Amino acid sequence: MGDLTPRDGIEKITPYKAGESKIAGQDNALKLSANETPLGPSPKAREAFLKAAETMEIYPDGGYGALREAIARRYGLNPDRIVCGNGSDELFHLLAQAFMGQGDEAIHTEHGFAVYRIATQAAGGTPVEVPETNFTTDVDAILAAVTGHTRMVFIANPNNPTGTYIPIDEVRRLHAGLPSNVLLVLDGAYAEYVTRNDYEAGIELVSGSSNAVMTRTFSKVHGLAALRVGWAYAPESVVDALNRVRGPFNVGGPSQAAAIAAIGDTAHVDASVAHNEKWLARLTEILPGLGIEVLPPVANFVLMRFSGENGKTAQAADSFLKSRGIILRPTASYKLPDCLRMTVGLDEHNERVIAALTDFMEGTGS
């Protein structure tokens, strides 16, 4: 009798590695590596969470009816077509578990979110990576990669970590080109931040489709990253499948309460988006002036590319910033070794990063 081993393929999964949050020997490091909102959650969400914590011995609503109703009110949706999860990450795993198996394939782009590959492999499927064009999702490349084994296509729009997006017309073209037995998964984790006229998260597309899903999260603009709440808007058949495979209490009670309050506080969301827009404009003006390329951003972060000339590499910049107590996100694991990703922070945080990068690029300071 052999030793206990995982099934074939598990050993090939590269575990997800979160960004750093601490610097050895420094107690008050500035963390701008995880795309967390600098304004924090709505005060109403904090209040709701604390109130719900008074009854932690009670199981939560396993169908999260009130949360689905709150989401439906906010976006004009049918609550019966909403499924919630322990962050949108869990929803990716559930979708793969429900619709994929051995021999099936799921497509993702070369700089796409790492969890797509992990969810595919965990379900027994084969991840298929396609190239991007100018660090942006390439619809034609995706369609060219579709085979008889393809069951899912994952795209993040906007994408993380590049910060780029494709307009809704391109999303529709992608969907129209897919066979009806291929599920298009639209990851809209950063959708609330996008203010471009040609962008939509995918609600209308999903409303009229049998093979498209939109996922969203409360971790970003709503500031509930620690509570792990995500949701999916999907066709009824997909909702039915997800409800069959998910855990019975996969979103905690205090998390549900905070999410209900957060999605109702549109003023807080508007303030977060306005702060973000102000700083995206400023960062995309200042950083190129220092000799740092910035990809056009639409989410709550910027991806900076370093030329490598005169030792000005991403690795050197990362080390220099850490010496100043600043943590950004290296992106070598996303095949972007010459880049660092910076989350938009509070005014004083952003100014601190700009000052440090100025010193680094000009060769001053230590």
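Because the structure is a prediction, the values reported are computed rather than measured.

(A) A look at the nonpolar core. Judged by nonpolar contacts, the single largest core of 79 residues is most densely connected at Ile71, Met152, Phe218 and Trp231. Leaving out residues up to four positions away in the same chain, Phe218 has contacts with Leu67, Ile71, Gly223, Leu224, Ala225, Val229, Trp231, Ala259, Ala262 and Ile263. If you look at the next biggest cluster of nonpolar residues, it comprises 27 residues, including Leu30, Val294, Phe320 and Ala356.

(B) Representation of the sheet that holds strand β4 (residues 126-130). Reading across from one edge, β2-β8-β7-β6-β5-β3-β4 is the order of the 7 strands in this open sheet, with mixed pairing throughout. The sheet is open, and its two borders are formed by β2 (82-85) and β4, each paired with just one other strand. Geometrically, the sheet is characterised by an average inter-axis angle of 25° between neighbouring strands, direction not taken into account. Examined bridge by bridge, β2 and strand β8 (residues 230-233) share 4 bridges and lie antiparallel to one another. Across the sheet, the residue bridging to Gly85 is Gly230, located in β8. Helix-sheet contacts for helix α2 (residues 65-75) involve β2, β7 (212-217) and β8, and the interaxial angle to β2 is about 120°. Sitting on the sheet, helix α8 (residues 236-245) touches β2, β6 (183-187) and β7, and the angle it makes with β2 is about 30°.

(C) Representation of the pattern of salt bridges within the structure. Counted by the stated rule, this structure contains 18 salt bridges. Arg172 is the partner of Asp169 in a salt bridge, and the nearest nitrogen-oxygen pair spans 3.2 Å. Taken together, the residues span about one helical turn, with Asp169 and Arg172 both in helix α6 (residues 168-177) at a distance of 3 residues. The exposure class assigned to Arg172 is partly exposed, which follows from its relative accessible area of 33%. With a closest N to O distance of 3.5 Å, Arg172 and Glu200 form a salt bridge. Here Glu200 lies in the loop between β6 and α7 (203-207) and Arg172 lies in helix α6, a separation of 28 residues in the sequence.

Quick notes on the rules
- Positions within a chain are numbered from 1, following the residues in the order the chain's sequence is written.
- Owing to the predicted nature of the model, reporting of local features is limited to residues with pLDDT of at least 70; listing and counting of side-chain atom pairs is limited to 80 or more, with chain, interface and lining totals taken over all residues.
- Working from all heavy atoms in the structure, the side-chain values ignore hydrogens and water.
- What is meant by a nonpolar core is a set of buried Ala, Val, Leu, Ile, Met, Phe, Trp, Tyr and Cys residues, joined one to another through side-chain atoms within 4.5 Å.
- Partly exposed describes any residue whose relative accessible area lies between the buried limit of under 20% and the exposed limit of over 50%, with all areas from a 1.4 Å probe on protein chains only and scaled to the type maximum.
- Two residues form a contact once any of their heavy atoms are found within 4.5 Å.
- By definition, two strands form a pair when at least two bridges between them are found by DSSP.
- In DSSP terms, a helix is any run of H or I states spanning at least four residues, a strand is any run of E spanning at least two, and both are numbered starting from the N terminus.
- For helices, the fitted axis covers only the stretch in contact; all axes are lines through C-alpha atoms, and the angles between them, taken along N-to-C directions, range from 0 to 180 degrees.
- Salt bridges are defined by distance alone: a side-chain nitrogen of Lys or Arg within 4 Å of a carboxyl oxygen of Asp or Glu.

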